[in-house]
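Structure at a glance
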Amino acid sequence: QVQFVESGGGLVQPGGSLRLSCAASGSIFSILAMGWYRQAPGKERELVASISSSGGTYYADSVKGRFTISRDNAKNTVHLQMNSLKSEDTAVYYCNTGAKSTPASGIRIYWGQGTQVTVSS
């Protein structure tokens, strides 16, 4: 069974940094796009950043210049480096991937369980 597990969340002061990681376990044939979403209390889940299989990236305007997404295809892992954190970055962060478990299988969307990021003094 394929799973994606996040790590790296926590409490940080404004202006600080955190690095989130999301690693896959189980049998995977290929991973297509990988991304990070976040959901703050009372708000809808929003796309923060994504990276394609060829390395093309997308960032929400609110995080451009502060966050960097990267992936390690050999380890089926995606990272989100978050710098200059603000209180409005406080949310539960989820990794999201499209992957195939075998060459003949369809693309399935996977979500991690979420990791809490709290930015507060």
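Residue numbers restart at each chain and count upward from 1, following the sequence in its written direction. Local features in this predicted model are restricted to residues whose pLDDT is 70 or higher, and side-chain atom pairs enter the listing and the counts only when it is 80 or higher, whereas totals over whole chains, interfaces and linings include all residues. The basis for every side-chain value is the complete set of non-hydrogen atoms in the structure, without hydrogens or water.

1. Some remarks on the pattern of salt bridges
For this document, the term salt bridge refers to a Lys or Arg side-chain nitrogen within 4 Å of an Asp or Glu carboxyl oxygen. Scanning the model with the defined rule gives four salt bridges in all. Where Asp 61 meets Lys 64, a salt bridge forms, and the shortest distance between an N and an O atom there is 3.1 Å. A relative accessible area of 65% places Asp 61 in the exposed class. Residues Asp 89 and Arg 66 are paired through a salt bridge, measuring 2.7 Å at the closest nitrogen-oxygen approach. With a gap of 23 residues between them, Asp 89 in the loop between strand S8 (77–82) and strand S9 (91–100) and Arg 66 in the loop between strand S6 (57–59) and strand S7 (67–72) connect regions that are remote in the sequence. The exposure classification of Asp 89 matches that of Arg 66, with both residues buried. Throughout this description, buried means an accessible area under 20% of the type-specific maximum (1.4 Å probe, protein chains only), exposed means over 50%, and partly exposed covers the range between. Every helix listed is a DSSP run of H or I at least four residues long, and every strand listed is a run of E at least two residues long, numbered separately from the N terminus.

2. So, the state of the cysteines
We call a pair of cysteine sulfur atoms a disulfide when they lie within 2.5 Å. Applying the stated criterion across every chain, the model contains one disulfide. Linked covalently through their sulfurs, Cys 22 and Cys 95 form a disulfide whose S-S length is 2.0 Å. Remark: Cys 95 occurs in strand S9 and Cys 22 occurs in strand S3 (residues 18–25); sequence separation between them is 73 residues. A relative accessible area of 0% places Cys 22 in the buried class. Judged by its relative accessible area of 0%, Cys 95 is buried.

3. Examining the sheet that holds S7
A pair of strands is considered paired only if DSSP assigns at least 2 bridges between the two. An order of S1-S3-S8-S7 is seen for the four strands of this open sheet, with the pairing classed as antiparallel. The open sheet has two edge strands with one neighbour each: strand S1 (3–7) and S7. Strand after strand, the sheet turns through a mean of 15° between neighbouring axes, direction not considered. In terms of strand pairing, S3 meets S8 through six bridges, oriented antiparallel. Bridge pairing links Arg 19 to Gln 81 in S8. Whenever a helix is involved, its axis is fitted only over the stretch in contact; in every case the axis is a line through C-alpha atoms, and angles between N-to-C directions fall within 0 to 180 degrees.

4. Looking at the nonpolar core
Residues Phe 4, Trp 36, Phe 67, Ile 69, Leu 80, Met 82 and Tyr 93 are the most contacted members of the largest nonpolar core, which totals 30 residues. Residue assignment for this core shows that the elements contributing at least two residues are S3, strand S4 (30–39), strand S5 (46–51), S7, S8, S9 and strand S11 (115–119). Tallying contributions element by element places S9 first for this core, with four residues. Discounting chain neighbours no more than four positions away, the residues touching Phe 67 are Arg 38, Val 48, Tyr 59, Leu 80, Gln 81, Met 82, Asn 83, Leu 85, Asp 89 and Tyr 93. By nonpolar core is meant a set of buried Ala, Val, Leu, Ile, Met, Phe, Trp, Tyr and Cys residues that side-chain atoms within 4.5 Å join together. Note on definitions: a residue-residue contact is assigned when non-hydrogen atoms from the two residues lie within 4.5 Å.

5. Examining a nonpolar patch on the surface
Together, Leu 32, Ile 107, Ile 109 and Trp 111 give the surface a local cluster of nonpolar side chains, amounting to about 380 Å² of exposed area. Mapped onto the elements of the fold, Leu 32 is located in strand S4. Classification of Leu 32 as partly exposed rests on a relative accessible area of 31%. In this analysis, a patch consists of residues with relative accessible area above 30% that form no salt bridge, clustered at 9 Å for like charges and at 5 Å for the nonpolar side chains Val, Leu, Ile, Met, Phe, Trp and Tyr. Only the protein chains shown count as cover for residues, and all accessible areas are computed by the Shrake-Rupley method using a 1.4 Å probe.

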